[in-house]
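Survey of secondary and tertiary structure
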Amino acid sequence: MNKDKIIGLFLIFFSIAVIGATIVLTIVLPAIDFDTYQIVGYYVTAGIISFAILIIMLLLAWIGWTLIITPTPEEIDFEDLDDEENEISKDETKENENK
């Protein structure tokens, strides 16, 4: 596996872990202690924050998925490119001399 695929997998696992922790800490655990009236305000605030975290983590997961499925570009050998440019400039020089 190349480096991009490893980073993509890390982004996906990280975003899933954060989404799971957000759900557990903002919805499941406070629902166990439902004795107070302040819980409604908490759910409104936690819901908005959880939604923002969910969107950000889904975006990170999407970036990770894109990194995984995108093939790695082939490496470019710049020395070969320099040689080709020199050959092209030599050919142009010869053509200009012939004119």
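Source: prediction; values computed, not measured.

Looking at the overall build of the protein chain
The secondary structure content of the protein chain amounts to 3 helices and 0 strands. Reading the helices (α) and strands (β) of the protein chain from amino to carboxyl end gives α-α-α. The buried share among the 99 residues of the protein chain stands at 15%. Counting only contacts in the protein chain whose residues sit at least 6 apart along the sequence, the fraction spanning at least 24 positions is 70%.

Overview of the side chain of Ser 50
Note that Ser 50 resides in helix H2 (residues 39-69). Residues contacting Ser 50, with those up to four places away along its chain left out, are Thr 22 and Thr 26.

Comments concerning the environment of Val 24
Take Val 24: it is sitting in helix H1 (residues 3-32). In contact with Val 24, not counting residues within four places along its chain, are Leu 29 and Pro 30.

Some remarks on the side chain of Ser 15
With respect to the helices and strands, Ser 15 occurs in helix H1. Under the relative-accessibility criterion, Ser 15 is labelled buried at 0%. Setting aside chain neighbours within four positions, we find Ser 15 in contact with Met 57, Leu 60 and Ala 61.

Regarding the UniProt feature "transmembrane region" (unreviewed entry) in the protein chain
According to UniProt, the feature "transmembrane region" (unreviewed entry) maps to residues 6-28 and 40-65 in the numbering used here. The span residues 6-28 is 100% helix and 0% strand, and its two end C-alpha atoms sit 32 Å from each other.

Describing H1
A rise of 1.5 Å per residue sets the reference length of H1, with its 30 residues, at 44 Å; its end C-alpha atoms lie 43 Å apart and thus fit the reference within 8%. Its maximal kink placed at Val 24, H1 deviates by approximately 35°.

Some details on the packing of aromatic side chains
Taken as a whole, this structure holds 1 aromatic pair when the rule is applied. Taking the centre distance of 6.1 Å and the plane angle of 20° together, the rings of Phe 10 and Phe 14 count as stacked. On the criterion of helical spacing, the pair formed by Phe 10 and Phe 14 is a turn pair, its members being 4 residues apart in helix H1.

Quick notes on the rules
- Residues numbered from 1 in each chain as written.
- Predicted model: local features only at pLDDT ≥ 70, side-chain atom pairs only at ≥ 80, totals over all residues.
- Heavy atoms only, no water.
- Helix = DSSP H or I, 4+ residues; strand = E, 2+ residues; numbered from the N terminus.
- Buried < 20%, exposed > 50% of the residue type's maximum accessible area, 1.4 Å probe, protein only.
- Contact = heavy atoms within 4.5 Å.
- UniProt positions renumbered as here; feature names shortened; annotations may be inferred.
- Expected span 1.5 Å × (residues − 1).
- Bend = angle between axes of the 7 residues up to and from the residue.
- Phe/Tyr/Trp six-rings, centres within 6.5 Å; stacked < 30°, edge-to-face > 60°.

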